[in-house]
Amino acid sequence: KEFCGDTHYPKHYHFTGPLFASHPIETTFDWHAFHRYQRPKIYVSTGTLLEKFGETKKRFFTRITEALKDENITVVAAADLSLLDWWPENFIVQPYVPQSELMPQLDGIIYHGGFNTVNQALWHGVPLIIIPVAYDNFHIASFVVNAGCGLRLSFKRVNTQAIQTALYDLLNNKRYREAASKLGKIMREAGGAEKA
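Residues numbered from 1 in each chain as written. Predicted model: local features only at pLDDT ≥ 70, side-chain atom pairs only at ≥ 80, totals over all residues. Heavy atoms only, no water.

K.L.:
Hey, could you run me through the sheet that holds strand β3 (residues 91–94) in this one?
P.N.:
Paired through their backbone hydrogen bonds, the strands of a sheet run either parallel or antiparallel. Read across the open sheet, the 6 strands follow the order β3-β2-β1-β4-β5-β6; overall the sheet is parallel. Each edge of the open sheet carries a strand with a single partner, namely β3 and β6 (150–152). Recorded for the sheet is a direction-independent mean angle of 15° between the axes of neighbouring strands. Judged from the 3 bridges that link them, strand β5 (residues 128–130) and β6 form a sheet pairing that is parallel. Residue pairing for β6: Ile-129 is matched across the bridge by Leu-151. (Pairing = 2+ DSSP bridges. Helix = DSSP H or I, 4+ residues; strand = E, 2+ residues; numbered from the N terminus. Axes fitted to C-alpha atoms, helices over the stretch in contact; angles between N-to-C directions.)

Spelled out as structure tokens, the structure:
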């Protein structure tokens, strides 16, 4: 209820926290590269939604690489290497990553706004930058912003400066992490599927 932000739900509504979609994909991951430098760790993904929108996904990651290529951060990008002709050295790129294992070790997420990953991020107290693209992304982005757990950028208007500014605001302003951590605690105490 704290995430949805609306206090006018019917009395028979009960909020039990997220039920995570299961994606049992076994994959290898370069943990050495991930831990090589003592610097912020950022995860960038478009989930499964944009698989149907190849050009949109390419544009999304092009903007991210342009913005973060020279920054002192480690970026984990869930994308095919072939999506772009070139990836920056501070990026770890592979189609599938061990997202559940990564979550507790992340400082922030840049994402299109799918509900499963947003819930998983908040469960672990990780703040987000949402760049909504389609469907329910815009609605979920408003939840994240209204709950104080992150920022929202416009996909159509976003540029290098906007991404950099938003990211360093997310990393340097403790209130996003604190709000995400508080919401994660509420989610964990809500009872989940067992309570439902």
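K.L.:
Whenever I open this one, the layout of surface pockets confuses me. Can you help?
P.N.:
Over the atoms a probe the size of a water molecule is rolled, and this reveals where empty space is left. Within this model, the second largest pocket holds a volume of roughly 390 Å³. In terms of lining residues, the second largest pocket is bounded by 19 residues, among which Phe-3, Phe-15, Gly-17, Pro-18 and Asn-119 are the most central. At the level of secondary structure, the elements contributing two or more residues to the lining of the second largest pocket comprise α4 (115–123) and α7 (174–189). Classifying every residue of the lining of the second largest pocket by side-chain character gives 12 nonpolar, 5 polar and 2 charged. (1 Å grid on protein atoms, 1.4 Å probe; cavity = no way out; pocket = protein on both sides within 12 Å on 5 of 7 lines; lining within 4 Å. Points joined across faces, edges and corners; volume = space filled by probe spheres on them. Nonpolar A, V, L, I, M, F, W, Y, C, P; charged D, E, K, R; others polar.)

K.L.:
What is the right way to read the pattern of salt bridges from this model?
P.N.:
When the charged atoms of two side chains lie near each other, side chains of opposite charge can form a pair. The final tally for this structure, using the stated rule, is 1 salt bridge. Note that Lys-185 is salt-bridged to Glu-189, the shortest N-O span being 2.7 Å. Note that Lys-185 and Glu-189 are positioned in helix α7 at a spacing of 4 residues, about one turn of the helix. The class for Lys-185 is partly exposed, based on a relative accessible area of 45%. With relative accessibility at 56%, the residue Glu-189 sits in the exposed group. (Salt bridge = Lys/Arg side-chain N within 4 Å of Asp/Glu carboxyl O. Buried < 20%, exposed > 50% of the residue type's maximum accessible area, 1.4 Å probe, protein only.)

K.L.:
Looking at this structure, how should I read empty space enclosed by the protein?
P.N.:
This model, assessed by the stated rule, comprises 1 cavity of 30 Å³ or more. Looking at the largest cavity, its volume works out to about 30 Å³. In terms of lining, the largest cavity is formed by Phe-60, Arg-63, Ile-64, Ile-131, Phe-155, Val-158 and Ile-163. Counting residues per element, the lining of the largest cavity draws most heavily on helix α2 (residues 54–68), at 3 residues. Here the residues of the lining of the largest cavity are counted per class, giving 6 nonpolar, no polar and 1 charged.

K.L.:
What is the right way to look at the packing of aromatic side chains in this model?
P.N.:
The description of an aromatic ring pair uses the distance of the two centres, along with the angle that the planes make with each other. Scanning the entire structure with this criterion turns up 10 aromatic pairs. With centroids separated by 5.9 Å and ring planes inclined at 70°, the aromatic side chains of Phe-61 and Trp-87 adopt a geometry described as edge-to-face. Placement of the pair is Phe-61 in helix α2 and Trp-87 in the loop between β2 (74–78) and β3, with a sequence separation of 26 residues. When the ring centre of Phe-34 is taken as reference, the NZ or CZ atom of Lys-41 above it lies at 5.6 Å. Positioned above the aromatic ring of Phe-155, the side-chain terminus of Arg-63 is 4.8 Å from the ring centre. (Phe/Tyr/Trp six-rings, centres within 6.5 Å; stacked < 30°, edge-to-face > 60°. Lys NZ or Arg CZ within 6 Å of the ring centre and 35° of its normal.)

K.L.:
Just to check I follow, could you spell out the environment of Pro-132 for this structure?
P.N.:
With respect to the helices and strands, Pro-132 occurs in the loop between β5 and α5 (137–146). Residues Pro-132 and Gly-114, 18 residues apart in the sequence, show an inter-C-alpha distance of 8.6 Å.

K.L.:
What should I look at first to understand the pairing of β3 in this one?
P.N.:
Side-chain alternation along β3 places Phe-91 and Val-93 on one buried face and Ile-92 and Gln-94 on a second face that is also buried. Here 4 bridges tie β2 to β3, and the two strands are oriented parallel to one another. The partner of Val-76 across the bridge, within β3, is Ile-92.

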